[in-house]
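# Structural characterization, general
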Amino acid sequence: MARTTSIRVETPPSEPGGMSQVAAREVSKVLLYASPWAIGLLLLGLGAAFHFTLRSDDPQVVAWTTAGITLCALVLTWLTWHQSHARSTTGRAHTTLTTALAGMWVCAATISGPLSTATGRAYVIGGVTLALSFNIRTVIRVKQVDVPAIANDPLTALFGTAAAKAGMPAIEARTTARTEHKIEADIQLEAGKQVADDFQRRAPYIESGMGLPPGSVTTSIDPDDASKAKAVFSDPRVMKRPLPWPGPSLPGGSIADALRIGLWQDLDDVLYVIVGHHLQLMGMSGAGKSIGGCWNILGDAITRVDVAVFAADVTKGRQTLGPLEESLHRFEDTTAGARAMLRDLQAEVKNRTNQLSARGLTKWRQGCGLTYWIIWLEECPDILDALTDSEMEQFLSLVKALRSAGGTVVLSLQRSDYTQMPTIARGQLGNMCFGVANSGDASFGLSEAMEEAGARPELWENGQPGMAYLGAPTIPRDRIAMPLRTFAWGMVGEEFDDEVATAAMREHAALFPAAAKQVDEGTARLAKLVQSPASAQATATAVVDQPPIDRELLVQAAELVVTTQFGSPQMLQRKLRVPWEQARELVAALQDAGVLGPARENAAPKVLRGADELDEVLDDLRGHEDDDQEEDGVDDDEDVVGEYLPPGDDPDPDVQAGMDDEIPDIDEGEPPWTFDRGESMTPEARHAALITLLQDWWDGGRRDFQTGDLSPLWSSTDMTRQWAQGRLRKLRGDEVLGYDEDAQRHLMLTRPE
């Protein structure tokens, strides 16, 4: 039997001009305009029904009936007013008044009849007027020129239609605040069927229905009512151009006060309090993470009086942080330096928490006496990868403890996945996310709350440098999904110039040098300050104007330095119990006296005088108290040579020589020269001497050294370099010391005991 195949042919839909659609449209219009008149006829029948069914001569029956009708009319009037809150004031008043008048007429018609003289005329005149007024409003609404509604609340006229197109026809918007650049609104959801998350997911479709640019609607939950949400309507196009940096927001203030780092999309200032939490900065290359995030946060932070910035960048060196260097208390651009800085900071945390506890505090607060720390690690994966397992544990301990100890760790990187960022560290961080390549990358830079609220940094990529989202404990929740733009340094007209930006940042940092800040003792020990020539000259001028250094204190300092063969200001500050600035002045004076050499990077000045020269050094300092009063330094009548000759006649007048005479060789028969290797020591004594020197270095703030730095030991005792190297290897095995192969330096991990 042959198979037959049926082909279904569908008739194409009628053209828009077809008679059927024209008829349907006209019928729809008739029904729309006839509704008020039909309701009027219904009221006439209702009044007649009440009047003719009542027919009672009992006054109590009439009274109770009319009272019930009046009560129903009042309830309907209140319900109309309450349910029409999303309408314009005119529309709300119109519908409510119509309900009230209709209820009053039904009550009157029940008593006197619907067609009596008074009620009949009221019905004809009032009913026709009300029906026509509703017809007029319908015509205006169809023509989309509901001017009163738009003038009173633009969202009321526009939002409802767009929400219906987006699949949420029951929600309504009511404006709560309005400025030149934004509209804030409360969104009433369908109670029991919708929550704020539903509105957040449909927000892009509502933008489409309203004809707005993507990103115009920023949503958040209403903390007081689960059936409501909050929304901010703004124009994202105002953020497309760079925003010139307006200058510091509060120079001379506290770091506990908010930093101004940019503008939100509604053009309000981004006021960010960095205290009390850690922060992650993430964004693809070229998205403005360094110049926008780093320069704006630190550019405002360095103007505050109670903060010290410790920074490291081993990837780009001084490219990002170099212009800020003068305002930083410590900046490391080598792997060894960054590791040493993190170890030093972690070792100081417990001391800070103990100081806070002694003051009765459980966390840092303004005026507590400790300087707040900002630890900025630019391109942090390269720093974290260089840490050993024990150093990583110390770093994670630093992250967990520093928040209450008075510090913020900022980790800046391009992609915060598990290969680049320890999971336990990421859980401690706030989020600032710049443009990223895709939504997958965005998930690493945003918190879950920011993602659910609709943050989409992948829309920018690196096409709008400086655009970002910011979510942190000090940022209002309704802002975490609102885009912001950081300020641009170095604007020339409307264009960004990199060279001008770098020069502007250097000039700004020079106005707020780290050396000019008063910091606590622990911060001072860890600081490694850099001064520009202008700042150094200003410091030198200030020193000239200061009172002269106490001579006896200088002698004590010299004795410490020559004895220990270590001359850092931290050691002098601790041993002599003097202020930090005075310790630095003592070091400078010892340098002028030839006891210490010039300052060295990452190390204390070299001691130029040996321990066997101590008496000579002290006599030198005590004997030159009045040297600065001599204009020429030497009296014309003074016999300088005779000062060094022994008293009396020449003991060996046969020996005569001039300074240009040749020095003869020693005769073969004379014994060779011999040198004293110093006192003989037991192995225990040698070990004790080594440990004592290492302890003094540790207490003075030193955390690394070379084997050659131990030369004072084998030059004054019978200790050999080979013996010292063997002991150092044993200390490394005991994890007291570490070793940096790149820098070839021993690292002091703990205080030797």
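It should be emphasised that the depicted structure is a prediction, and the values quoted were computed from it without experimental measurement.

Thresholds applied
Residues numbered from 1 in each chain as written. Predicted model: local features only at pLDDT ≥ 70, side-chain atom pairs only at ≥ 80, totals over all residues. Heavy atoms only, no water. Helix = DSSP H or I, 4+ residues; strand = E, 2+ residues; numbered from the N terminus. Contact = heavy atoms within 4.5 Å. Areas by Shrake-Rupley, 256 points an atom, 1.4 Å probe, with all protein chains shown as cover. Pairing = 2+ DSSP bridges. Buried < 20%, exposed > 50% of the residue type's maximum accessible area, 1.4 Å probe, protein only. Core = buried A, V, L, I, M, F, W, Y, C linked by side-chain atoms within 4.5 Å. Patch = residues over 30% accessible without salt bridge, like charges linked within 9 Å, V, L, I, M, F, W, Y side chains within 5 Å. Salt bridge = Lys/Arg side-chain N within 4 Å of Asp/Glu carboxyl O. Phe/Tyr/Trp six-rings, centres within 6.5 Å; stacked < 30°, edge-to-face > 60°. Lys NZ or Arg CZ within 6 Å of the ring centre and 35° of its normal. Bend = angle between axes of the 7 residues up to and from the residue. Axes fitted to C-alpha atoms, helices over the stretch in contact; angles between N-to-C directions. Polar contact = N/O pair within 3.5 Å; in protein donor to acceptor, adjacent residues only side chain to side chain. Expected span 1.5 Å × (residues − 1). pLDDT = per-residue confidence, 0-100. Left-handed = near helix turned anticlockwise from the far one by under 90°. Nonpolar A, V, L, I, M, F, W, Y, C, P; charged D, E, K, R; others polar.

What follows deals with the overall build of the chain. Regarding its fold elements, the chain presents 25 helices and 20 strands. Long-range pairs, those at least 24 residues apart, make up 65% of the contacts in the chain with a sequence separation of at least 6. Working note: accessible area of the chain is about 41,000 Å², and carbon and sulfur atoms make up 54% of it.

Let us look at the sheet that holds strand β20 (residues 745–748). Strands sit in the order β18-β20-β19 across an open sheet of three strands; the sheet is antiparallel. Both outer strands of the open sheet, β18 (704–705) and β19 (737–740), are each paired with one neighbouring strand and no more. Where β18 meets β20, two bridges bridge the pair, whose relative direction is antiparallel. What sits directly across from Phe705, in β20, is His746.

Quick look at the pairing of strand β9 (residues 307–312) now. Judged by how many residues are buried, β9 sits mostly within the fold: six of six residues are covered. Residues of β9 alternate between two faces, with Val307, Val309 and Ala311 on one and Ala308, Phe310 and Ala312 on the opposite face, all of them buried. Relative to strand β10 (residues 330–332), β9 runs parallel, the two being bridged by three bridges. Bridging from a neighbouring strand, Ala312 pairs with Glu332 of β10.

Here is a general trend for soluble globular proteins: nonpolar side chains tend to be buried in one another's company. Core analysis: the biggest nonpolar cluster contains 62 residues, and Ile255, Ile297, Ile374, Met432 and Leu470 have the highest contact counts within it. With five residues, the top contributor of residues to this core is helix α8 (residues 289–301). Among all residues touching Ile297, those that are not within four sequence positions of it are Leu259, Ile261, Tyr272, Ile274, Leu279, Leu281, Trp376 and Met432. Val578, Ala589, Val607 and Ala724 belong to the second largest nonpolar core, which has 41 residues in total.

Right, let's get into a nonpolar patch on the surface. A contiguous nonpolar surface patch, about 450 Å² in accessible area, is contributed by Trp37, Val124, Ile125, Val128 and Leu132. Ranked by residues supplied to the nonpolar patch, first place goes to helix α4 (residues 117–142) with four residues. Structurally, Leu132 is set in helix α4. According to the relative accessible area criterion, Leu132 is partly exposed, its value standing at 42%.

Evaluated as defined, the whole model comprises seven aromatic pairs. Measuring from centroid to centroid gives 4.8 Å for Trp364 and Tyr372, while their planes differ by 65 degrees, and the two rings are edge-to-face. Residue Trp364 is classed as buried on the basis of its relative accessible area, which comes to 7%. Aromatic rings pair up to connect Trp245, Trp295 and Trp489 into one cluster. Cation over ring: Arg202 sits above Tyr205, and NZ or CZ is 4.1 Å from the ring centre.

As for its placement among the helices and strands, Leu572 is situated in helix α20 (residues 569–576). Note on Leu572: relative accessible area 0%, which makes it buried. For the pair Leu572 and Gly700, spaced 128 residues apart in sequence, the C-alpha to C-alpha distance is 7.8 Å. Setting aside residues up to four positions removed in sequence, Leu572 forms contacts with Ala557, Leu560, Val561, Arg577, Val578, Ala583, Leu586 and Val587.

Approximately 50 degrees is the largest bend angle found in helix α7 (residues 196–210), and it occurs at Ala203, with the proline Pro204 only one to four residues beyond. The set of residues buried in α7 consists of Ala196, Phe199, Gln200, Ala203, Ile206, Glu207 and Met210. Downstream of α7 by one or two residues, Gly211 has phi in the positive range, about 70 degrees.

Across all of its chains, the model carries 31 salt bridges by this definition. Of the charged contacts in the structure, one is a salt bridge between Lys193 and Glu190, with a shortest N-O distance of 3.6 Å. Of the residues examined, Lys193 reaches a relative accessible area of 64% and is grouped as exposed. We classify Glu190 as partly exposed; its relative accessible area is 27%. Between Asp734 and Lys730 there is a salt bridge, with the nearest N and O atoms lying 3.4 Å from each other. In this structure Lys730 comes out as partly exposed when scored by relative accessible area, which is 45%. The network of salt bridges with common partners includes Arg330, Glu332, Asp344, Lys528 and Arg703.

Below, the discussion takes up the sheet that holds strand β1 (residues 172–178). Strand order across the open sheet formed by four strands is β1-β2-β4-β3, with antiparallel pairing between neighbours. Of all strands in the sheet, those with a lone pairing partner are β1 and β3 (217–221), marking the two edges. Each adjacent strand pair in this sheet contributes to an overall mean axis angle of 25 degrees, direction not counted. With respect to the sheet, α7 is in contact with β2 (182–188), β3 and β4 (228–234), its orientation differing from that of β3 by roughly 165 degrees.

Before going further, it helps to spend a moment on the side chain of Ser568. Inspection of the secondary structure puts Ser568 in the loop between α19 (551–564) and α20. Among the polar contacts listed, one links the side chain of Ser568 to the backbone nitrogen of Met571, at a separation of 3.1 Å. Residue contacts for Ser568: discarding those within four places in its chain leaves Val587, Ala604 and Gly700.

What follows concerns helix α21 (residues 580–592). For α21, with 13 residues, the first-to-last C-alpha span of 19 Å sits near the 18 Å given by 1.5 Å per residue. Listed in full, the buried residues belonging to α21 are Trp580, Ala583, Leu586, Val587, Ala589 and Leu590. Check the buried side of α21 and you find it contacts α17 (521–526), α19 and α20. The positive-phi residue at the C-terminal boundary of α21 is Gly594, with phi of around 80 degrees.

Before going further, it helps to spend a moment on the confidence of the model for the chain. Predicted confidence across the chain gives a mean pLDDT of 78, with 79% of residues reaching 70 or more. Here residues 624–647 is a poorly scored stretch, pLDDT under 50, and it has four contacts once near neighbours within four places are set aside; other chains count.

Here the focus is the environment of Ser208. Examined against the element boundaries, Ser208 turns out to sit in helix α7. Under the relative-accessibility criterion, Ser208 is labelled exposed at 57%. Considering only alpha carbons, one finds Ser208 and Ala162, 46 residues apart in sequence, at a separation of 7.7 Å.

Right, let's talk about the packing of helix α10 (residues 335–358) against helix α12 (residues 389–405) for a bit. Their axes nearest at 9 Å, the elements α10 and α12 cross at an angle of 40 degrees. Of the two possible hands of crossing, α10 and α12 adopt the one that is left-handed. Residues Arg339, Leu342, Arg343, Leu345, Gln346, Val349, Arg352, Thr353 and Leu356 of α10 touch α12, and the partners they reach there are Glu391, Gln394, Phe395, Ser397, Leu398, Ala401, Leu402, Ser404 and Ala405. Its residues assigned to classes, the contact of α10 with α12 shows nine nonpolar, five polar and four charged.

This part covers the side chain of Glu348. Topologically, Glu348 is positioned in helix α10. In this structure the side chain of Glu348 is engaged in a polar contact, spanning 2.9 Å, whose partner is the side chain of Arg525. Sequence-distant contacts of Glu348, defined by excluding residues within four places in its chain, comprise Trp373, Gly522, Arg525 and Leu526.

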